[in-house]
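What the coordinates show
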Amino acid sequence: MLGRCQRLGRCMLLASCLALAGCKTELYSRLPETEANQMMAVLLSNGIDAYKQVVGEEGVTISVDDANTLKAIAILNNNGYPKSARDSIGKVFQKSCIMSSPFEERVRFIYALGEEVAQTLSQIDGVVTARVHIVLPDEPQLGRPVKPSSAAVFIKHQPGVDLDFFIPQIRRLVSNAIEGLDYSAVTVVLVEAQPTRTAASQGQSDMVEVMPGLSLRREDVARFWQLAIVAGTIGLVLILLIGGLAFALWRSRRGPRSSDRSALAQVEPT
């Protein structure tokens, strides 16, 4: 009997462990160690319990509780995580064959150069994502006009972060990083990222404070005031009725005493 109870207890413990293990959702996997630590810091600073697991050479996996899945994804998305993987110049210039055409080499070079500059811009505090598009025309043939080089920089930054002051520095950085690119030929576009609205945040934003300490959904405010007016009217009527009854009772108790006094005054001999 004791052995059966022990086996039953072990089975219940195993079932509870499996149930607890199944309450976590895997958000992202195969992450670099540095980026995974940054994502963990963002989640923990926002009050979300996150769990990190190193899976051999495949990278790091981050998991959260099922109830926090949507909120965790929204928070990471608002902070620009996970970062898009960028190819380095060495990886882009890996040749798939023995010989490459000059056009392929030029395309690889322009792409890798834009990725390197965008990677540098993404290190600015508050930047969610950065893209750099470079236009490097071919060398003109004899007798044809020279086409100037140009670059377009797109930066999405976090809400409330003012990067307008950095636009001259960004243009200077891009023009100096790309050979033959003039400062005036660099265009910078800044876009403020809109925070992802979860169901909880959307519900909180739709709440209206109708009284100190009392908040209701926006669509329920009109109904609340209607009920409040009806309840106030009923309460006022009840107060008037109770007051009237109390006054009538007071008059009924006081009336006989005054009549008795007048009667006694008439009976007394002069």
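Residues numbered from 1 in each chain as written. Predicted model: local features only at pLDDT ≥ 70, side-chain atom pairs only at ≥ 80, totals over all residues. Heavy atoms only, no water.

Right, let's talk about the overall build of the protein chain for a bit. Looking only at helices and strands, one finds eight helices and eight strands in the protein chain. The proportion of buried residues among the 270 residues of the protein chain is 23%. Put simply, 57% of the contacts in the protein chain that link residues at least 6 apart link residues at least 24 apart. Of the accessible surface of the protein chain, which amounts to about 19,600 Å², a share of 59% is contributed by carbon and sulfur atoms. (Helix = DSSP H or I, 4+ residues; strand = E, 2+ residues; numbered from the N terminus. Buried < 20%, exposed > 50% of the residue type's maximum accessible area, 1.4 Å probe, protein only. Contact = heavy atoms within 4.5 Å. Areas by Shrake-Rupley, 256 points an atom, 1.4 Å probe, with all protein chains shown as cover.)

Sheet architecture is open: three strands sit in the order 4-5-6, paired in mixed fashion. Bordering the open sheet on either side are strand 4 (127–135) and strand 6 (186–192), each of which pairs with just one other strand. Taken pair by pair, the neighbouring strands of this sheet meet at an average axis angle of 15°, ignoring direction. Where strand 4 lies against strand 5 (residues 150–157), eight bridges are found, and the strand directions are antiparallel. Across the sheet, Ile134 pairs through a bridge with Ala151, a residue of strand 5. Strands strand 4 and strand 5 of the sheet are contacted by helix 5 (residues 102–121), whose axis makes an angle of about 150° with strand 4. (Pairing = 2+ DSSP bridges. Axes fitted to C-alpha atoms, helices over the stretch in contact; angles between N-to-C directions.)

Right, let's get into the sheet that holds strand 1 (residues 24–31). Hydrogen bonds along the backbone pair up the strands of a sheet, which may run parallel or antiparallel. Strand order across the open sheet formed by three strands is 1-3-2, with antiparallel pairing between neighbours. The open sheet terminates on both sides in strands that have one partner only, identified here as strand 1 and strand 2 (50–54). With direction set aside, neighbouring strand axes in the sheet form an average angle of 20°. Judged from the five bridges that link them, strand 2 and strand 3 (residues 60–65) form a sheet pairing that is antiparallel. Directly across from Ala50, in strand 3, lies its bridge partner Val64. Sheet strands in contact with helix 2 (residues 33–45) are strand 1, strand 2 and strand 3, and its direction is about 165° off that of strand 2. Here helix 3 (residues 69–78) sits on the sheet and contacts strand 1 and strand 3; the angle it forms with strand 1, its principal contact strand, is near 35°.

Turning our eyes to something else, we now look at the packing of aromatic side chains. Inspection of every chain in the model, using the stated rule, returns two aromatic pairs. The cationic tip of Arg171 hangs over the ring face of Tyr183; the distance from NZ or CZ to the ring centre is 4.5 Å. (Phe/Tyr/Trp six-rings, centres within 6.5 Å; stacked < 30°, edge-to-face > 60°. Lys NZ or Arg CZ within 6 Å of the ring centre and 35° of its normal.)

A separate point is the pattern of salt bridges. Should their charged atoms come close, side chains of opposite charge can pair. Within this structure, the stated rule accounts for two salt bridges. One salt bridge connects Lys52 with Glu33, and the closest N-O pair in it is separated by 3.2 Å. On the criterion of sequence distance, the pair formed by Lys52 in strand 2 and Glu33 in helix 2 is long-range, its members being 19 residues apart. Put simply, Arg108 and Glu105 hold a salt bridge, and the shortest N to O gap is 3.8 Å. (Salt bridge = Lys/Arg side-chain N within 4 Å of Asp/Glu carboxyl O.)

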